[in-house]
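# Close look at the chain arrangement
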Amino acid sequence: MRFQTETLGNGLEIVAEVNPQAYSASYAFFVKTGARDEWDSVSGVSHFLEHMVFKGTTGRSAADVNRELDELSSSSNAFTSEEQTVYYATTLPEDQPKIVELLADMMRPALRQADFDTEKQVILEEIAKYDDQPPYGAHDKCMAAHFGPHPLGRSVLGTAKSVGELKREQMLEYFERRYSPRNIVLAAAGNVDFAQLIAEVEKSCGSWKPFEAARVAPRAKPNPGFVVLHKPLAMQEYIIQIAAGPCAEDDDRYAARLLATILGDDTGSRFFWELIDTGLAESASIGVSEYQGSGIYMTVMACEPDEAASNLQLIRELLEDAQAKGVTEEELNQAKNKICAQIVLSAERPTSRMFSVGNGWVQRRQYKTIREGAEAYRQVTLADIAAVLKKYPLTQNTTVAVGPLTELNKATM
C-alpha cells in the first residue's frame, strides 16, 4: 500500500491510501464543518445541509442523485458531527470516474426552496423522534451541560425552534462560509488510480472558488454538574457522564482509548464484569471522543430505575479505584491486543481505511499505516495510563440522568 497526496490550486486536498490488490475503492468528501461552527440562529444547519446535498444539483434531480448512487456504489451515505460533514461511497475500481464526478457534483447542491421546505419537515420529525425515544436526547443534554457556552456544546440536530425558523438564505450563507475547497479533503482508499483521481477532481472541482473558512477552537472549560430530567413514560433510567479527555492532536489519546477499553468496553471490562455480567444494568460503557482542542470520556448506562442510585455509586467506586490504583499490566496487554486486532480486521475493508486516512488527515494532517497505528498502542505503558488519569480525572464529570426518576442521590457522585 502507498499513501499519496495532492493539493489543487484552489486548496482542495486529495489523500489516498492506494492498494492495487483491493477489490473495491472508497471515496469521501470530508468537509471540515459541523455543529461547533454554527451560531444560535442557524443551529442544526450543518446537518440540515447534509440532507439537502442529496436533494439534487443544477444538473441532477434528487431522484437522479439517489438512483446513480444505487447504481454505482455498494454503500453510500453521509453524516454530520460536531466537527465534520462527510459524504462517502464505496464502489468497484472501474467506476471511479463516475462516482467521483457524482460526489463532486453533489458538493455543489441546488438548494431549491421546495426541497428546503420539504426536508425541513423531515428534520423537525427527526428532532421530535430523538427527544421522544430512549435515551431522550440525554447525549445532547449532557454535552450542553458539560461544555456550557463552548461551541462543542451545540446540538448537531439543532432545536425545533432553530430549524423551524431557518431560512434557505441562511443555509446558503452558511454554505458560502464553510464549503470552501480549502476546507474540504477528498479521501480515498483501496484500488484507487491516483493519477486519474487527480485529473477527475481537477476537472470536477478545480473551478470551485477558494475562500477562508477558519475555525475558532478554544480549549473547553468543563462545567461539572448533576442534572435529573423526569420522563414519566420511560421504562429505564438513562445516565450519561462526561469527563474531560485528550484532544485530537494529543498523543495521550492512545492511552485514553486503552483506559476506556479496560474500564468500560462492552466485553471483558471492569464495567462489564461489575454491571453487565451481574445483571445490574442493561448496558454500561465508556468511550472517548476527540475534537480539535478538546476531548471527552463519555460513560453511558441504562438500568432499572431502582438500580440507578446504587449503580451510580458503583461506577463512582470503580472510577475512584482506577484513579487511586491505576490498571494492571494484564489489563493493559489485553486492551492492546483487542484494539490492535480491531485495527487489523477493519483494515481489510477499504471503507474503514478511507475513514481512518480521512480523519487522520483532517484532524492532524497525519497519516499512519496499519502497522504504525497498532504500534502507537503497543508503546503505551502503565506510566502513560497513570499520567492520563492524573491529567484527566474521570471522577470530575458532568452527569445527566433521564427517566422515570424525579431525583437521584447527588452525593453518590
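Reference entry: report on the structure contained in this document. Owing to the predicted nature of the structure, the values given are computational and were not obtained by experimental measurement. The numbering scheme is per chain: residues are counted from 1 as the chain's sequence reads. Local features in this predicted model are restricted to residues of pLDDT 70 or higher, and side-chain atom pairs are both shown and tallied only at a pLDDT of 80 or more, whereas totals for entire chains, interfaces and linings draw on every residue. Computation of side-chain values: all heavy atoms of the structure, hydrogens and water removed.

### Regarding the sheet that holds strand S11 (residues 397-403)
Operational definition: Strand pairing requires that DSSP identify at least two bridges connecting the strands. Elements are defined by DSSP. Helices are runs of H or I of four residues or more, strands are runs of E of two residues or more, and each kind is numbered from the N terminus. Axis definition: a line fitted to C-alpha atoms, limited for helices to the stretch in contact. Angles are taken between N-to-C directions and run from 0 to 180 degrees. Whether two residues are in contact is decided by their heavy atoms, any of which lying within 4.5 Å being enough.
A sheet is described by the order of its strands in space; here five strands give the open sequence S7-S11-S8-S10-S9, paired in mixed fashion. Edge positions in the sheet fall to strand S7 (225-230) and strand S9 (283-291), since each of these pairs with one other strand and no more. Along the sheet, successive strands turn relative to each other by an average axial angle of 15 degrees, direction set aside. Of the strand pairs in this sheet, S7 and S11 are connected by six bridges, and their pairing is parallel. From the neighbouring strand, Gly-225 faces S11, where its bridge partner is Thr-398. Contacting S7, strand S8 (237-245), S9, strand S10 (294-303) and S11, helix H5 (residues 138-147) runs over the sheet at an angle of about 35 degrees to S8.

### As for the pairing of strand S2 (residues 13-18)
Along any regular strand the residues' side chains alternate between the sheet's two faces. Convention followed: Buried residues are those whose accessible area, probed at 1.4 Å on protein chains only, stays under 20% of the maximum for their type, while exposed residues exceed 50% and partly exposed ones sit between those limits.
Within S2, six of the six residues are buried, leaving the element largely enclosed by the surrounding structure. Of the two faces of S2, the one lined by Glu-13, Val-15 and Glu-17 and the one lined by Ile-14, Ala-16 and Val-18 are each fully buried. Both strand S1 (residues 2-7) and S2 contribute to a ladder of six bridges, which runs antiparallel. Bridge assignment links Glu-6 to a residue of S2, and that residue is Ile-14. Between S1 and S2, which follow one another and run antiparallel, lie five residues, and Gly-11 among them has a positive phi close to 100 degrees.

### Some words on the packing of helix H9 (residues 253-264) against helix H15 (residues 382-391)
We apply this condition: Any angle that is under 35 degrees is reported as roughly parallel, and any over 145 degrees as roughly antiparallel; angles of 65 to 115 degrees are reported as roughly perpendicular and all others as oblique. Gly falls in the polar group here, along with every residue not listed as nonpolar (Ala, Val, Leu, Ile, Met, Phe, Trp, Tyr, Cys, Pro) or charged (Asp, Glu, Lys, Arg).
Orientation of H9 relative to H15, taken along the N-to-C sense of each, is 90 degrees, at an axis distance of 9 Å. Classified by the angle their axes make, H9 and H15 are roughly perpendicular. On H15, the residues touching Ala-255, Ala-256, Leu-258 and Leu-259 of H9 are Asp-384, Ile-385, Val-388 and Leu-389. A per-class count over the contact of H9 with H15 returns seven nonpolar, no polar and one charged.

### Quick notes on the sheet that holds S1
Note: strands within a sheet are paired through backbone hydrogen bonds, in either parallel or antiparallel orientation. Taken together, six strands build an open sheet; the order of strands is S1-S2-S6-S3-S5-S4 and the sheet is mixed. A strand with exactly one partner marks an edge of an open sheet, and here the two such strands are S1 and strand S4 (73-80). Taken pair by pair, the neighbouring strands of this sheet meet at an average axis angle of 10 degrees, ignoring direction. The sheet strands contacting helix H3 (residues 96-106) are strand S3 (25-31), S4 and strand S5 (85-91), and the helix crosses S3 at an angle near 15 degrees.

### Quick look at H15
Cut-off, in case you're wondering: To obtain the arc, one takes the directions from the helix axis to the C-beta atoms.
Taken together, the buried positions of H15 are Ile-385, Val-388 and Leu-389. For H15, the arc enclosing every buried residue in end-on projection is 100 degrees, short of the 170-degree limit, so these residues lie on one face. Projecting away from the buried face of H15 at angles above 90 degrees are the exposed residues Ala-383 and Lys-390. On its buried face, H15 sits against H9, S10, helix H11 (308-325) and helix H12 (329-346).

### Quick word on the state of the cysteines
Cut-off, in case you're wondering: We call a pair of cysteine sulfur atoms a disulfide when they lie within 2.5 Å.
If you walk through the whole model with that rule in mind, you get zero disulfides. No disulfide involves Cys-142; its nearest neighbouring cysteine sulfur is the one of Cys-303, lying 15 Å away. Under the relative-accessibility criterion, Cys-142 is labelled buried at 0%. You can see Cys-247 has no disulfide; the closest cysteine sulfur is in Cys-142, sitting 20 Å from it.

### A closer look at the nonpolar core
Put simply, the rule is: We call a set of buried Ala, Val, Leu, Ile, Met, Phe, Trp, Tyr and Cys residues a nonpolar core when their side-chain atoms join them within 4.5 Å.
Within the largest apolar cluster, 49 residues are counted, with the highest numbers of intra-cluster contacts made by Leu-12, Phe-29 and Leu-197. In contact with Phe-29, other than residues within four places in its own chain, are Leu-12, Thr-85, Val-86, Tyr-87, Leu-103, Ala-104, Met-107, Ile-184, Val-185, Leu-186, Cys-205 and Trp-208. With 43 residues, the next largest nonpolar core counts Ala-256, Ile-262, Leu-275 and Leu-389 among its residues.

### What to know about the packing of aromatic side chains
Filter applied, for reference: Only Phe, Tyr and Trp rings are paired, with Trp represented by its six-membered ring, and only when their centres lie within 6.5 Å; those with planes under 30 degrees apart are stacked, over 60 edge-to-face, the remainder tilted. Counted as over-ring charges are cases with an Arg CZ or a Lys NZ within 6 Å of the ring centre that also lie within 35 degrees of the ring normal.
A complete count under the given rule lists 14 aromatic pairs for this structure. Centroid distance Phe-79 to Phe-355: 6.1 Å. Interplanar angle 50 degrees. Geometry classified as tilted. Of this pair, Phe-79 sits in strand S4 while Phe-355 sits in helix H13 (residues 350-364), and the two are 276 residues apart along the sequence. Taking relative accessible area as the criterion, Phe-79 reaches 30% and is therefore assigned partly exposed. When the centroid spacing of 5.0 Å and the interplanar angle of 75 degrees are considered together, the rings of Tyr-88 and Phe-355 count as edge-to-face. Pair noted here: Tyr-88 is in strand S5 and Phe-355 is in helix H13, with a separation of 267 residues, a long-range link. In terms of burial, Tyr-88 and Phe-355 fall into one category: buried. Three or more aromatic residues link up through ring pairs in this structure, and these residues are Phe-30, Phe-79, Tyr-88 and Phe-355. The ring of Trp-208 carries the charged tip of Arg-108 above its face, separated from the ring centre by 3.9 Å.

Distances and angles like these do not, on their own, reveal function.
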